[in-house]
Amino acid sequence: MWRPGTFVTAHVVVEQNRVHLKLPRGALQTINNEPVVFVRTPAGFEKRIVALGKEDGEAVEIVFGVNLGEQVAAVN
């Protein structure tokens, strides 16, 4: 039980939104002022320009440019 004056640390969710596809921020690059990601192909990696949607501190919604299930480079 908490007593009056006890200090606590809490995480309060203010809003939750479902998105179709999201990627970690580390997967995004900016080339020629356009957001891009690198998608794995049989020949290596392909640069894709993407349209961004909602974002938070960790991830970004991808509205257009990558299909669900495609592998994307997230680091290095």
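All of these numbers come straight from a predicted model, not from anything done at the bench. (Residues numbered from 1 in each chain as written. Predicted model: local features only at pLDDT ≥ 70, side-chain atom pairs only at ≥ 80, totals over all residues. Heavy atoms only, no water.)

Asks: Please clarify how the overall build of the chain should be interpreted in this entry.
Replies: Looking only at helices and strands, the chain has 0 helices and 6 strands in total. The secondary structure elements of the chain, listed N-terminal to C-terminal, are β-β-β-β-β-β. The C-alpha radius of gyration of the chain comes to 18 Å, more than 25% above the 11 Å expected for a compact globule of 76 residues. Overall, the C-alpha framework of the chain stretches about 60 × 25 × 25 Å when taken along its three principal axes. (Helix = DSSP H or I, 4+ residues; strand = E, 2+ residues; numbered from the N terminus. Rg over C-alpha atoms; globule rule 2.2 N^0.38 Å.)

Asks: When you look at the sheet that holds strand β4 (residues 44–49) in this model, what are you seeing that I'm missing?
Replies: Sheet strands line up and pair through hydrogen bonds in the backbone, either parallel or antiparallel. The sheet built from 3 strands is open, its strands ordered β2-β3-β4 with antiparallel pairing. A strand with exactly one partner marks an edge of an open sheet, and here the two such strands are β2 (29–31) and β4. The mean inter-strand angle of the sheet, taken between neighbouring strand axes irrespective of direction, is 50 degrees. Inspection of the sheet shows β2 paired to strand β3 (residues 34–41) by 3 bridges, in the antiparallel sense. (Pairing = 2+ DSSP bridges. Axes fitted to C-alpha atoms, helices over the stretch in contact; angles between N-to-C directions.)

Asks: What's the story with the sheet that holds strand β1 (residues 22–24) in this structure? I'm lost.
Replies: Spatial ordering of the open sheet is given by β1-β6-β5, a layout of 3 strands whose pairing is antiparallel. With partners counted over all chains shown, the strands left at the sheet margins are β1 and β5 (51–55), one partner each. In this sheet, neighbouring strand axes are inclined to one another by 40 degrees on average, regardless of whether the strands run parallel or antiparallel. With 3 bridges connecting them, β5 and strand β6 (residues 59–64) associate as antiparallel partners. What sits directly across from Glu55, in β6, is Val60.

Asks: How should the layout of surface pockets be read in this particular structure?
Replies: Rolled over the atoms, a probe sized like a water molecule indicates the empty space that remains. The calculated volume of the largest pocket comes to roughly 300 Å³. Considering the residues around the largest pocket, the lining is formed by Asn17, Val19, Lys22, Lys54, Glu55, Asp56, Glu58, Ala59, Val60 and Glu61. The leading source of residues in the lining of the largest pocket is β6, at 3 residues. Partitioning the lining of the largest pocket into residue classes produces 3 nonpolar, 1 polar and 6 charged. (1 Å grid on protein atoms, 1.4 Å probe; cavity = no way out; pocket = protein on both sides within 12 Å on 5 of 7 lines; lining within 4 Å. Points joined across faces, edges and corners; volume = space filled by probe spheres on them. Nonpolar A, V, L, I, M, F, W, Y, C, P; charged D, E, K, R; others polar.)

Asks: It is not clear to me how the confidence of the model for the chain should be interpreted in this structure. Could you clarify?
Replies: Caution applies to low-pLDDT parts of the model: their predicted coordinates are not meant to be read in detail. Taken residue by residue, the chain gives an average pLDDT of 91. The fraction at 70 or more is 99%. Looking over the chain, one finds the lowest element-wise mean pLDDT in β5, namely 93, and the highest in β3, namely 96. (pLDDT = per-residue confidence, 0-100.)

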